[in-house]
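# Summary of structural features
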Amino acid sequence: MNTTFNLTSEFQTIFETTLTPRTFFAPGRINLIGEHTDYNGGHVFPAAISYGTYALAREREDQTFRFYSMNFPELGIIECTLSDLAYKEADNWANYPKGMLLFIEETGHEINQGADILYYGNIPNGAGLSSSASIELATGVLLNGLYDLNLERIPMIRLGQKVENEYIGVNSGIMDQFAIGMGKKDHAILLDCQTLEFEYAPIVLDDHAIIIMNTNKQRSLAGSKYNERRSQCEQALSDLQQKLSITSLGELTPGEFEKNKHLINDKINQKRAKHAVYENARTLEALAKLTSGDLNGFGKLMNQSHLSLRDDYEVTGLELDTLVQAAWDHEGVIGARMTGAGFGGCAIAVVEKENVDHFKKNINEIYREKVGYEATFYIASIGDGAKEITE
Ligand code: GLA
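A brief report on the enclosed structure follows. (Residues numbered from 1 in each chain as written. Predicted model: local features only at pLDDT ≥ 70, side-chain atom pairs only at ≥ 80, totals over all residues. Heavy atoms only, no water.)

### A few points about the site of the ligand
Which entries qualify depends on this criterion: Residues are counted as near a molecule or strand when any one of their heavy atoms sits within 4 Å of it. In protein, a polar contact requires one atom able to donate a hydrogen and another able to accept it; more generally it is a pair of N or O atoms within 3.5 Å, and residues adjacent in sequence count only if both atoms are side-chain atoms. Under the convention adopted here, Pro, Cys and the residues Ala, Val, Leu, Ile, Met, Phe, Trp and Tyr are nonpolar, Asp, Glu, Lys and Arg are charged, and Gly plus all remaining residues are polar.
Neighbouring the ligand are the residues Arg-29, Glu-35, His-36, Asp-38, Tyr-39, Ser-172, Gly-173, Met-175, Asp-176, Tyr-226, Gly-340 and Ala-341. Residue Asp-176 places a side-chain N or O atom 2.6 Å away from an oxygen atom belonging to the ligand. Between Tyr-226 and the ligand, the recorded distance is 2.6 Å, taken from a side-chain N or O atom to an oxygen atom. Grouping the constituent residues of the shell around the ligand by class yields four nonpolar, four polar and four charged.

### Some words on the packing of helix α3 (residues 131-146) against helix α4 (residues 153-168)
For the record, the criterion: Helix axes are fitted only over the stretch in contact, all axes being lines through C-alpha atoms; the angle between N-to-C directions runs from 0 to 180 degrees. Helix and strand definitions follow DSSP, with helices as H or I runs of at least four residues and strands as E runs of at least two, each counted in order from the N terminus. Working rule for angles: under 35 degrees goes down as roughly parallel, over 145 as roughly antiparallel, 65 to 115 as roughly perpendicular, anything else as oblique. Two helices cross in a left-handed way if the nearer one is turned anticlockwise from the farther one by less than a right angle. They cross in a right-handed way if the turn is clockwise. Throughout, a residue-residue contact means that at least one pair of heavy atoms, one from each residue, lies within 4.5 Å.
Packing of α3 against α4 leaves a shortest axis separation of 10 Å and a crossing angle of 135°. Judged by the inter-axis angle, α3 sits oblique to α4. The handedness of the crossing between α3 and α4 is right-handed. Contacts from Ser-132, Ala-133, Glu-136, Leu-137, Gly-140, Val-141 and Asn-144 of α3 reach α4 at Arg-153, Met-156, Ile-157, Gly-160, Val-163 and Glu-164. The class makeup of the residues in the contact of α3 with α4 is six nonpolar, four polar and three charged.

### With respect to the sheet that holds strand β5 (residues 78-81)
Just so we agree on the cut-off: Here a strand pair is declared whenever DSSP counts at least two bridges between the two strands.
Reading across the sheet, the six strands line up as β5-β4-β6-β3-β1-β13 and stay open at both edges, with mixed pairing between neighbours. Strands at the two margins of the open sheet, each flanked by one partner only, are β5 and β13 (387-389). Along the sheet, successive strands turn relative to each other by an average axial angle of 30°, direction set aside. Bridge count for strand β1 (residues 22-31) against β13 is three bridges, and the pairing is antiparallel. When the bridges of β13 are listed, Phe-24 appears paired with Glu-388. Helix α2 (residues 95-106) contacts β4 (64-69), β5 and β6 (115-121) of the sheet and is inclined by roughly 145° relative to β4. Along the sheet, helix α5 (residues 175-182) makes contact with β1 and β3 (46-59), crossing β1 at roughly 130°.

### Focus: the pairing of strand β9 (residues 208-214)
Filter applied, for reference: For every residue, the accessible area (1.4 Å probe, protein chains only) is compared with the maximum for its type, and the residue is labelled buried under 20%, exposed over 50%, or partly exposed between those bounds.
Burial within β9 is extensive, with seven of its seven residues counted as buried. Summarising the sheet, β9 and strand β11 (residues 346-352) pair through seven bridges and their orientation is antiparallel. Counted as the bridge partner of Ile-210 is Val-350 from β11.

### A short note on the pattern of salt bridges
Applied cut-off: Between Lys or Arg on one side and Asp or Glu on the other, a salt bridge is scored when a side-chain nitrogen of the former is within 4 Å of a carboxyl oxygen of the latter.
If you walk through the whole model with that rule in mind, you get 23 salt bridges. The partner of Asp-116 in a salt bridge is Arg-66, with the nearest N and O atoms 2.9 Å apart. Of this pair, Asp-116 sits in strand β6 while Arg-66 sits in strand β4, and the two are 50 residues apart along the sequence. Grouping residues by exposure puts Asp-116 and Arg-66 together as buried. Between Lys-88 and Asp-84 there is a salt bridge, with its nearest N and O atoms 3.1 Å apart. In this structure Asp-84 comes out as partly exposed when scored by relative accessible area, which is 32%. Linked through salt bridges whose partners overlap, the residues forming this network are Glu-35, Glu-279, Arg-282 and Arg-337.

### Examining the packing of aromatic side chains
Put simply, the test is: A pair of aromatic rings is counted whenever rings of Phe, Tyr or Trp (Trp by its six-membered ring) have centres within 6.5 Å, and the orientation is called stacked for planes under 30 degrees apart, edge-to-face for over 60 and tilted otherwise. By definition here, charges over rings are those cases where NZ of Lys or CZ of Arg is within 6 Å of the ring centre and within 35 degrees of the ring normal.
Using the criterion set out here, one finds 15 aromatic pairs in the structure. Consider the rings of Phe-65 and Phe-67, whose centres lie 6.0 Å apart with planes at 20°: the pair is stacked. Here Phe-67 falls in the buried class, since its relative accessible area comes to 1%. Note on Tyr-367 and Tyr-373: the rings are 5.9 Å apart at their centroids and 80° apart in plane angle, and the pair reads as edge-to-face. Grouped by ring-pair contacts, the aromatic residues Phe-65, Phe-67, Trp-93 and Tyr-119 constitute a single cluster. Sitting above the plane of the Phe-103 ring, Lys-162 keeps its charged end 4.6 Å from the centroid. One residue, Lys-274, lies across the ring of Tyr-278, its end atom 5.8 Å from the ring centre.

### Things to note about the nonpolar core
Which entries qualify depends on this criterion: Nine residue types can take part in a nonpolar core, namely buried Ala, Val, Leu, Ile, Met, Phe, Trp, Tyr and Cys, and a core is a set of them joined through side-chain atoms within 4.5 Å.
Grouped together as the largest cluster of nonpolar side chains are 48 residues, with contacts concentrated most on Phe-65, Phe-67 and Ile-117. If near-sequence neighbours (up to four positions away) are discounted, Phe-67 is found in contact with Gly-76, Ile-77, Ile-78, Cys-80, Trp-93, Ala-94, Pro-97, Lys-98, Leu-101, Ile-117 and Tyr-119. By size, the runner-up hydrophobic cluster in this structure holds 42 residues, among which are Ile-264, Val-315, Phe-343 and Phe-377.

### Points about the side chain of Asn-31
By the element assignment, Asn-31 lies in strand β1. A distance of 2.8 Å separates a polar side-chain atom of Asn-31 from the backbone oxygen of Gly-34.

Below is the structure:
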């Protein structure tokens, strides 16, 4: 645990102490398939990755919280007190831990003392691998550990989502926090976002690896476009409810959707809803393919998912489409698609291990030529959910 060792001395320097902090970790996530289905009451199929956020902390005697991120050293130490946890734009990234703190307190868990907390994340920045949910859950397990709160995992996950929705203002679903809170090494999680019933599925890829392809395109407008997609789906649902007694798009099969789509007045909303319904069906099928060892079938579903996100949901764009198309055209690739919210960020590809080096080089050349700058590639290793690191 080299990182931890260095982080400990980093903590001691920043906070001018000789005391040893406790160390917590929360991963980032990829989503294998089931995109923009979570807030539509459908299924998702994400997995936690080994990149994530470390959070090191010591309690203080007073009621002050001091936050420092090694990813934003220029912002220095950001401070707040237990009696003033309101959102402040100037507090920047520290609003995520502040939001967790506020909502954990509001649910009746008593925190009477402050803490010094150092964060370090090795998830590529703004890449759609859920760095924000990772900070939320790292903070959740940290507060839980430091103050013996006995906070159960599912409520903690829901509080993370509440921070996004009510504190930060992004109407995101439950997928990211769930994957990060419940991740399991070498497994993906098939989650029903309506009921939160879930099952773990071993990721057995034989001679293949999952490659994360980062467009390196920052997603500044992601929040607002994301919220727009969500309200388009809500409008489509409300049109369908004129006749159907459903509470979410996730309850419809593709066949039922086709029979009733004329009820959706707006053509664009119809396309958005079509994606949500078909993507949900694909996700259930993908679980079956993966567990029966039909990797090619699984890859085909990934490809269809990307096409639907490109043509019907319209959240891909030049950068993601270039990477994914180049991957589809490359030898030894079983499937490829964008992952996460879209509008930039990352795509994933399932690639034959012996082709990986060659793959990275060729895809990057095509990308540079078409987009004008480099993409970055990582091999995804699937890890555990948020926890304290004690070794
Ligand atoms: C973001 C959100 C998730 C989910 C995905 C799209 O990651 O935080 O809740 O909606 O986009 O599948």
